[in-house]
Amino acid sequence: MKSHLLLVLASLFCFLPAGRSQEPPADSSLSVHEWGTFTSIAGAKGEAVVWSPQAERDDLPGFVEHLRNNQFKGGLQGTIRMETPVLYFYATHPTTVSVQVSFAKGLLTEWYPHASAPLTPRQVSEPILDLNATNGQLLWKSILVDPTGTEHFPKESAASRYYAARETSASLVAVNSPTGPQREKFLFYRGVFSFEVPVIALPQNNRRILVSNRTQSPIQQAILFERRGTRVGYRILGSVQHSSVVDAPDLDADLASLAHDLEETLIANGLYPDEAHAMLQTWNDSWFEEGTRLLYIVPRQFVDRVLPLTIAPAPANTTRVFVGRLEIVTPATENAVETAFSSGDRSTLAKYGRFLAPILQTMIARSHDHARTRQLNGYLNSVYTELSALLKSGPQNLTQSRPAPTIISSQ
């Protein structure tokens, strides 16, 4: 009898009004999908190293908002360049939401539409930042999500990879800004972090590479890619849970097959087909450029930890698919860079672009020949000289193509 009474009381309790501490119910009419890229470069021991990711060609349209006080000494440096995350909203009727993205050990550098609180007062007053002690955030306070709205989005005549992300069936979003309403197909943002990436890639003998997962969460898929001139190859590694030594791919593949396999991987991890295609259209020229790199699906737990996302009211479901890109300095890359410097081959050096300085730093760390080390340091100084001049000329010039460094003899 006593147990029966307890059961009745428990049943009644389930129907009592929820207390104020209870989380608000999710909006069943709203879902959110996000994709983005975490770009890093592996150092002499295979771990992601600090570099200057802003020393790059930036083709963002002029209407994209940028970080104020962006002239950091030596450029903003970190281990991860978080590139082009976009948040898509799917609603059955017009609704209003707020979105906050937080950045552990990181800072926002670009976003659109208009957002508030990109910098704290301390970050504004101190142009030299230690990202390990910096936590950035971005807040969109009132976003109208409208599945029926007319798609009149801003667009400039200059080509930009930014626009490819619009080619989806997502609802449009509208935000009020000091200059008037801004409309887009997504929320866009990116930044720089100083966080250990979840994977290590270290070259071994005979064109083999040690790939290690540093987290407790499995990496659902990884692809090892290499390009040398017009020849390309890739090897699908599957799930990475611990450590394994893998063979470098044979350079006998084609980019169309790789793009197809990557799209299938993105779809399998939760993106809609048009979202996966838009992501490939955005990044295929960068992911498939000269060099060797590991492309992998970043574990969701890692994404949520370093990039907390809060949406109110909460959507019925939120999908976040990030591709990690880890550049690997292989002997083939070392030989190509060293040969290009010694022969004055500026076109080859330009292929490595923003990765040139960390590539040289890795080569120096691995070198045991004093004369060669001095030579490499001379090459590195020429890269720093070029970068310093670029940064001093103002952040607006980072939107132009960075030329290959002037080759200075260290003899």
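Structure: above.
Residues numbered from 1 in each chain as written. Predicted model: local features only at pLDDT ≥ 70, side-chain atom pairs only at ≥ 80, totals over all residues. Heavy atoms only, no water.

Undergrad: Explain the pattern of salt bridges here, please?
TA: This model, assessed by the stated rule, comprises 19 salt bridges. Each of Glu34, Arg300, Asp304 and Arg320 takes part in salt bridges that share partners, so that together they form one network. (Salt bridge = Lys/Arg side-chain N within 4 Å of Asp/Glu carboxyl O.)

Undergrad: Help me out: how do you make sense of the packing of helix α6 (residues 331–343) against helix α8 (residues 356–366) in this one?
TA: When two helices pack together, their arrangement is given by the angle between their axes and by how far apart the axes lie. Interaxial distance between α6 and α8 falls to 11 Å at its minimum, and their mutual angle equals 105°. Looking at the two axes, α6 sits roughly perpendicular to α8. Contacts between α6 and α8 pair Thr333, Glu334, Val337, Glu338 and Phe341 from the former with Leu356, Ile359, Leu360, Met363 and Arg366 from the latter. Class assignment for the residues of the contact of α6 with α8 results in six nonpolar, one polar and three charged. (Axes fitted to C-alpha atoms, helices over the stretch in contact; angles between N-to-C directions. Helix = DSSP H or I, 4+ residues; strand = E, 2+ residues; numbered from the N terminus. Parallel < 35°, antiparallel > 145°, perpendicular 65-115°, else oblique. Contact = heavy atoms within 4.5 Å. Nonpolar A, V, L, I, M, F, W, Y, C, P; charged D, E, K, R; others polar.)

Undergrad: How do you make sense of the pairing of strand β17 (residues 315–328) when you look at a structure like this?
TA: Successive residues of a regular strand alternate their side chains across the two faces of the sheet. Counted residue by residue, β17 has 11 buried out of 14 residues, so it is predominantly covered. One ladder, built from 12 bridges, connects strand β1 (residues 27–41) with β17; its direction is parallel. Bridge pairing in β17 links aspartate 27 to proline 315. Relative to β17, strand β15 (residues 291–297) runs antiparallel, the two sharing six bridges. By the bridge assignment for β17, leucine 294 is matched with leucine 326. (Buried < 20%, exposed > 50% of the residue type's maximum accessible area, 1.4 Å probe, protein only. Pairing = 2+ DSSP bridges.)

Undergrad: Would you take a moment to explain the packing of aromatic side chains for this structure?
TA: Two aromatic rings, taken as a pair, are described by how far apart their centres are and by the angle between their planes. Inspection of the entire model under this criterion finds 17 aromatic pairs. A centroid spacing of 5.1 Å and a plane angle of 20° characterise the contact between tryptophan 51 and phenylalanine 355, whose relative ring orientation is stacked. With tryptophan 51 in the loop between β1 and β2 (65–66) and phenylalanine 355 in the loop between α7 (346–352) and α8, this residue pair connects regions lying 304 residues apart in the sequence. A residue is classified by how much of its surface remains accessible, and tryptophan 51, at 2% relative accessible area, is buried. Ring geometry for tyrosine 90 versus tyrosine 272: centroids 5.2 Å apart, planes at 90°, classification edge-to-face. Placement of tyrosine 90 in strand β3 (residues 80–91) and of tyrosine 272 in the loop between α3 (255–268) and α4 (273–287) is noted, with a sequence separation of 182 residues between them. An aromatic cluster is built from Phe38, Phe103, Trp140, Tyr189, Phe193, Phe195, Phe302 and Phe322, whose rings are joined through pairwise contacts. Above the face of the phenylalanine 195 ring, lysine 105 is positioned so that its terminal group lies 5.1 Å from the ring centre. (Phe/Tyr/Trp six-rings, centres within 6.5 Å; stacked < 30°, edge-to-face > 60°. Lys NZ or Arg CZ within 6 Å of the ring centre and 35° of its normal.)

Undergrad: I would appreciate a short explanation of the side chain of threonine 215 in the present structure.
TA: Its location among the elements puts threonine 215 in the loop between β11 (208–213) and β12 (219–228). Apart from the residues within four sequence positions on either side, threonine 215 is in contact with Pro198 and Pro299.

Function cannot be read off these values alone, since they describe shape.
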